[in-house]
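Structural overview for review
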Amino acid sequence: MNTENTTNASSGGTSPRSSRFKLMTGNHRGRIAQVPIYLGKNFRMFIFQNDWKVLPMSALIAALIAMVVGQNMYVTMEGQFQCSLALTCICIWNGFFNSVQSVCRERPIIKREHRSGMHISSYVVAHLIYQMFLCAMQALITVGVCKIAGIKFPEKGFITPWFLVDTWITMFLITYASDITSLFISSIVHTTTTAMTVMPFMLIFQLVFSGGAFTLYGPAAELTKLTISKYGLTALCAQGNYNSLKSVTLWNTIFRIRDSSPELKEALWQIEKAGQLENILERSGEAMQEAAYAMTKANIYNCWAHMAAFAAIFAVLSIIVLEFIDNDRR
Amino acid sequence: MNVIDFSILDGVSVVIWLVASFGLSKIFKKFNIEGWWAYIPGARIYWLGRCADREQDGKVAMIFEILTYPTLFAIQVLNNDLSFIKYLVLLFIFFDIVCLIYKARICIDLCGDLKVNKNWAWLWVFAEVIPCLVWGFSDKYTPSKALLRYNGLDPILDDFIVRSLADNVNTTESGLAVKIKDRTVRNFLDKRYLLREIFMNIEPGHMVLLLGGSGSGKTTFINAVTGYEKANAEILLDGMNVYDEYDKMKYSIGFVPQLDLIRSNDTVYRTLYDAALLRLPASTSFSEITKRVSAVLEQFGLSSVKGSLVEKLSGGQRKRLSIAMEYISDPYLFVLDEPDSGLDGVIARDLMRRLRSIADEGKIVIVITHTPDRVVDLFDDLIVLAKDSRRTGRLAFYGSIDEAREFFGQDSMEGILRMINQKDEGGEGRSDEFVLKYAERQVENS
């Protein structure tokens, strides 16, 4: 070992055993050099602590969503919206579950290692890299399962040459931003029980304030800007060219009440006979367009940037919060 | 449109509040708390919590009570904006309900302490002026135990020790020199002394038993000595100041916590290897690290299980791994907090023998254990920390095991512990006596 005798011969020989103080000199591993240590630990946890189970879980959830609401995605506005919302929700769900317990379950261990020279930033960065891997895999699995389950994705991408890659990037960013948000929660709370109590509130907040599930007004509408779900939903709808799709809500509603009036029934029959149905659906879609879901690169980049910013902000906050871990009570 | 009637601010309410505060100040005095705290909104509920031995509840109640004030102020300022004010009113009600719940919890316990019917607590919550006056002015209601707070110097202990001991105990150049004047914590509105006047010199190669009852400050002492939680002190390790050089010296100081804080789903070898990567200098080659890890595995009898997951280890093996993680950097000062807890006698003794062999290499090993008598023959010295009558940790003895037996007139370590423990902990409550006796002895010897 690279140690060096520094001071200091035992004075007086009061003890039969001589002093043998070796002060370690030389630098110990810095922040960057410690990252691989914790990255290795995380990947071993992936195997030994059954973290790998999140991957088949994400496949299962994606399959359920694809079966229930997937068939009308990229076909009608309603199908596109429902499926985008559902996919956003499962990405958030995946992300939250990935890391909500990852820090708090080993908090006393972190405290011990911090005392022994561990850098908190190295620990968090190792988690960021590891969670990036997990989220990337989950997004890949989700996209793959949706494809296999029969969702007809467009061929050509809008940002990249491949539409599936565009979708994967969005899903990855939703999952990753959620993941790092829950990493932050896990850094604040002290027990896994508290973490699992807080998580449902976070999920409900994301769902309610996504701006998709409910119509919001006033200050509540402003809160949507603080949710990952809003940007995820917007990106998925924009990528699917929501505004160019036809809307079936109006037609389906009128069709359901056709028996209430013979004139209405006759009018519907005439529209179908004249081949005007598609035209009606397209006109209906035009009336339902949302400026927020405009298929523009700026819009999609804006959503991606916001989700990346969420991840970055919560990563920094996690480091700051964990730096105070020495204050934990014994 | 004025939608809120701020009756709380009217003159009658203020007078009632002042009268209640006057009664409360009398109650505080009974608990050894300065009466003027009763007139500080927010702080008074905290101190009430302290009186009821519900400090945490007192803190929460104080925070929520303080939160109600800006909310109330905002309601007053914005009372024409009905659309916004309803949210503030909801917020105020929420804060107030939380505060009331915590206040009820505090008052119920306070009733128990003052030996009155717990139904009084409801009266306290909704009309505090009555119990404040009755309990404050009637001598019938006295607390079963006054709050133990540090108010200046103790006439017997502190006066003698502070003036004579600190200047008379010399530090040696080799080994560990401890000069702790005090270790305090500022806990919310109160300052507490955790340790006071602990002076000693521990020689290299000594294995030291740290003995003390619950709350006597053993862990605080260890944290202060290792530099983890700095005290008002000077800690010298072979003449080098631990506090000044902590970033360098922390790798030469090993601390093994009471609990086995190890990731259970990692292998023994990787756990130790990663510990080596963290604790050894970056310039150490990988072959040297591997060699060191193998040597430590061998030394602690873990070679046969190095490929096993930590969760598969027995209690003794896991404890040895926890120690090995610290020992990997070959620390000069090695401190262990109850390394033998949960281990049977044979395994515990085997573990202590290993620690003895580490001390024989010229290291200083300090061990806290709650079952000292089964291993006491392996130790050179004994440190006895005692909680004095003011619940501050003090040094009641430091010296060899034989000297300790003579000093306390006891053959067993548990006997010593029984003498210094407080009476409410099943002891004889003679800690002050021995603290003073030891201080006098130190001054005589210096």
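Residues numbered from 1 in each chain as written. Chains lettered and ligands numbered in written order. Predicted model: local features only at pLDDT ≥ 70, side-chain atom pairs only at ≥ 80, totals over all residues.

1. Focus on the overall build of chain A
Of the regular secondary structure elements, chain A holds 13 helices and two strands. Taken over C-alpha atoms, the radius of gyration comes to 27 Å for chain A, far larger than the 20 Å a tight globule of 330 residues would show. By the burial criterion, 39% of the 330 residues in chain A qualify as buried. Long-range pairs, those at least 24 residues apart, make up 78% of the contacts in chain A between residues at least 6 apart in sequence. (Helix = DSSP H or I, 4+ residues; strand = E, 2+ residues; numbered from the N terminus. Rg over C-alpha atoms; globule rule 2.2 N^0.38 Å. Buried ≥ 20, exposed ≤ 12 C-beta atoms within 10 Å, placed from the backbone. Contact = placed C-beta atoms within 7 Å.)

2. Observations regarding the sheet that holds strand 8 (residues 364-368) of chain B
Residues and elements named next belong to chain B. Sheet architecture is open: 10 strands sit in the order 5-4-1-2-10-9-3-8-7-6, paired in mixed fashion. Sheet topology places strand 5 (240-241) and strand 6 (253-256) at the edges, where each strand pairs with a single neighbour. Inspection of the sheet shows strand 2 (residues 190-202) paired to strand 10 (residues 393-400) by two bridges, in the parallel sense. When the sheet's bridge partners are listed, Leu195 is paired in strand 10 with Gly393. Running at roughly 65° to strand 2, helix 8 (residues 218-226) makes contact with strand 1 (176-187), strand 2, strand 3 (207-212), strand 4 (232-237), strand 6, strand 7 (333-337), strand 8, strand 9 (381-387) and strand 10 of the sheet. (Pairing = 2+ DSSP bridges. Axes fitted to C-alpha atoms, helices over the stretch in contact; angles between N-to-C directions.)

3. Brief notes about helix 2 (residues 43-51) of chain B
Residue and element names in this part refer to chain B. Most of helix 2 is tucked away, with eight of its nine residues classed as buried. Regarding helix 2, the residues found buried are Arg44, Ile45, Tyr46, Trp47, Leu48, Gly49, Arg50 and Cys51. Lining the buried residues of helix 2 we find helix 1 (11-30), helix 3 (55-77) and helix 4 (82-113). Just downstream of helix 2, Asp53 is the residue with a positive phi angle, here 60°.

4. Here we look at the environment of A:Arg105
Inspection of the secondary structure assignment puts A:Arg105 in the loop between helix 3 (77-99) and helix 4 (107-115). Each C-alpha atom of the pair A:Arg105 and A:Thr193 lies 9.5 Å from the other, and the pair is 88 residues apart in sequence.

5. Examining the nonpolar core
Among the nonpolar cores identified, the biggest contains 159 residues, and A:Met307, B:Leu272, B:Ala324, B:Val365, B:Val384 and B:Ala396 are the most heavily contacted of them. For this core, the leading source of residues is helix 5 (residues 120-148) of chain A, giving 13 residues. Sequence-distant contacts of B:Leu272, that is, excluding residues within four places in its chain, are made with B:Val293, B:Val296, B:Leu297, B:Ala324, B:Met325 and B:Ile328. (Core = buried A, V, L, I, M, F, W, Y, C linked by C-beta atoms within 7 Å.)

6. Some remarks on the confidence of the model for chain A
Here chain A averages 88 in pLDDT, while 92% of its residues score no lower than 70. Contacts from residues 1-19 of chain A, a stretch scored under 50 in pLDDT, to residues over four places away or in other chains number 48 contacts. (pLDDT = per-residue confidence, 0-100.)

7. Side note on helix 11 (residues 262-273) of chain A
What sets the pattern is the α-helix's 3.6 residues per turn: residues three or four places apart point alike. All names here are of chain A. Taking 1.5 Å of rise per residue, 12 residues should cover 16 Å, and helix 11 covers 16 Å from first to last C-alpha, within 8% of that figure. Taken across its 12 residues, helix 11 has zero buried, putting it largely on the surface. Following helix 11 by one or two positions, Gly275 adopts a phi angle in the positive range, close to 75°. (Expected span 1.5 Å × (residues − 1).)

8. Looking at the packing of helix 3 of chain A against helix 6 (residues 163-188) of chain A
Residue and element names in this part refer to chain A. At a closest axis distance of 7 Å, the pairing of helix 3 and helix 6 adopts a crossing angle of 35°. Where helix 3 crosses over helix 6, the two elements pack in a sense that is right-handed. Here Leu87, Thr88, Cys91, Ile92, Asn94, Gly95, Phe96, Asn98 and Ser99 of helix 3 lie close against helix 6, whose contacting residues are Met171, Ile174, Thr175, Tyr176, Ala177, Ser178, Asp179, Ser182, Leu183 and Ser186. Its residues assigned to classes, the contact of helix 3 with helix 6 comprises nine nonpolar, nine polar and one charged. (Left-handed = near helix turned anticlockwise from the far one by under 90°. Nonpolar A, V, L, I, M, F, W, Y, C, P; charged D, E, K, R; others polar.)

9. Points about the packing of helix 3 of chain A against helix 9 (residues 228-239) of chain A
All names here are of chain A. As a packed pair, helix 3 and helix 9 sit with axes 9 Å apart at the nearest point and diverge in direction by 135°. With respect to each other, helix 3 and helix 9 are oriented oblique. Of the two elements, helix 3 crosses helix 9, and the hand of that crossing is right-handed. Where helix 3 abuts helix 9, its residues Gln80, Phe81, Ser84, Leu85, Leu87, Thr88, Cys91 and Ile92 lie against Ile228, Ser229, Gly232, Leu233, Leu236 and Cys237. Of the residues in the contact of helix 3 with helix 9, the class split is nine nonpolar, five polar and no charged. (Parallel < 35°, antiparallel > 145°, perpendicular 65-115°, else oblique.)

10. Structural notes on unusual backbone geometry
Leave glycine aside and you will find that most residues have negative phi; peptide bonds, for their part, are mostly trans. Phi angles above zero are rare outside glycine, and A:Tyr74 is one such case at about 65°. Tracing the backbone shows A:Tyr74 in the loop between helix 2 (54-69) and helix 3. One non-glycine residue, B:Asp238, lies in positive phi territory at about 50°. Within the fold, B:Asp238 resides in the loop between strand 4 and strand 5. Residue class for B:Asp238 comes out buried when judged on the 26 C-beta atoms lying within 10 Å of it.

11. Here's the deal with the environment of B:Leu24
All names here are of chain B. Of note, Leu24 is situated in helix 1. Under the C-beta neighbour-count criterion, Leu24 is labelled buried, with 27 such atoms within 10 Å. Distance in space between the C-alpha atoms of Leu24 and Tyr243 is 44 Å, their sequence separation being 219 residues. Among residues more than four places away in sequence, those in contact with Leu24 are Ala38, Arg44, Cys132 and Gly136.

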